[in-house]
Amino acid sequence: MKSFGAVRSMSTHLIFFVSAFVFSTLTVAPGAIAAGTSEPIKPTLPAFEVFSTIHLPSPSERYSDALSLFRAKDFKKAGASALVTAGLYPGTRWEGRAALLAARAYAELGDFDMAAPLFALSREKLPQLGDYSTYILAGYYFEHGRYEDAAKSYLAVYDYYPDSPKAAESLLCAADSYILLDRPDEAIKVVKPLSLRKLDGAVAARLPLVLMTAHLRLGDNKIAAAYYRQIWMDYPGTPQEDAAENLAKKLEPQHWSVQDWMRRADRLYEKGLPEPAAECYQNALKEMPKGATGRASAMFRLGVCYYKLKDTDKSV
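Read on for a plain summary of the structure. (Residues numbered from 1 in each chain as written. Predicted model: local features only at pLDDT ≥ 70, side-chain atom pairs only at ≥ 80, totals over all residues. Heavy atoms only, no water.)

**As for the pattern of salt bridges**
What the rule picks out here adds up to 15 salt bridges. Between E148 and R183 there is a salt bridge, with the nearest N and O atoms lying 2.6 Å from each other. One end of the pair, E148, is in helix α9 (residues 147–160); the other, R183, is in the loop between α10 (167–180) and α11 (184–190), with 35 residues separating them in the sequence. Taking the relative accessible area as the measure of exposure, E148 reaches 30% and is therefore partly exposed. Residue R183 is classed as partly exposed on the basis of its relative accessible area, which comes to 24%. The partner of E241 in a salt bridge is R263, with the nearest N and O atoms 2.4 Å apart. Taken together, the positions of E241 in helix α14 (residues 239–248) and R263 in helix α15 (residues 258–270) put the pair 22 residues apart, joining distant regions of the chain. For E241, a relative accessible area of 0% translates into the label buried. Using a relative accessible area of 22% as the deciding quantity, one classes R263 as partly exposed. (Salt bridge = Lys/Arg side-chain N within 4 Å of Asp/Glu carboxyl O. Helix = DSSP H or I, 4+ residues; strand = E, 2+ residues; numbered from the N terminus. Buried < 20%, exposed > 50% of the residue type's maximum accessible area, 1.4 Å probe, protein only.)

As structure tokens, this is what we get:
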């Protein structure tokens, strides 16, 4: 793995070479270079006046150029440009910002030998962005199928930055990584701390979905069905409910309650899918005692499903 120190050393040598060449053109006669001599001459203008006419890009301009290359998805040039910028301004915030940009560019290319130490440098120089830097690195690992590294990085966000807005989400992402590694027991273990935290929005809805997925992988259908029930009761109309509906197809019928059958039937009915909806209504009615609340509604919708299927005998 390349260290950032080695990379910065290369960029420093390049800068020194260019500077030396520029200086030589100001202190050596134009014909002397062609003649193979180095006879000093007095420049037409004082050196400081010549240098004053040369525009040297500011740190923000150099960073903007690298960022433009990144946004244009020219990640190789963006990484090299940001790397030079980081090397030009050691000990400043520009070193941290440029290092983070270079890290992202190399991560886009899947070059984690370059990206990982640059992410570490950005955390060192910009500690206020430490959680963000670690979270972004974990996401790149995940996108490139390096789920073991992704899980470790996501866990690092929670361990080192427990108060970060990304802390809870990072545990869920770590669990997703373990599920893809076919280690659902570890997925269940890493999200346990979330039961003690107050969760909001999509993060709150994702927790039972992750647990449902993990228990299905373990073959614990009864527990998975309980989490499925929690999702459609507490988070209706969310993307997590749609994902849970797809997972529910793997559940065995004996683990479904009357409410589960009715909920699934109503969802299928509302989506205009009469055939699977009719099957779910039938299963619900088998388990539902006569006179139970909702039985009349189930029978009516079952009749509508048969009518749409042109099965007039059953629709009556």
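Further notes follow.
**Here's the deal with the packing of aromatic side chains**
Under the criterion given, the structure shown has six aromatic pairs. Their ring planes at 25° and their centres at 4.5 Å tell us that F112 and Y141 sit as a pair that is stacked. With a gap of 29 residues between them, F112 in helix α7 (residues 112–125) and Y141 in helix α8 (residues 130–143) connect regions that are remote in the sequence. Here the two residues F112 and Y141 agree in accessibility, since each one is buried. Ring centres of Y135 and Y154 lie 5.7 Å apart, and the angle between their planes is 70°; on these two criteria the pair is classed as edge-to-face. Taken together, the positions of Y135 in helix α8 and Y154 in helix α9 put the pair 19 residues apart, joining distant regions of the chain. Considered together, Y135 and Y154 belong to a single accessibility category, that of buried residues. Here the guanidinium or amino end of R97 rests over the ring plane of Y63, the centre of that ring lying 4.5 Å away. Here K308 stacks its cationic end above the ring of Y269, 5.3 Å away from the centre of that ring. (Phe/Tyr/Trp six-rings, centres within 6.5 Å; stacked < 30°, edge-to-face > 60°. Lys NZ or Arg CZ within 6 Å of the ring centre and 35° of its normal.)

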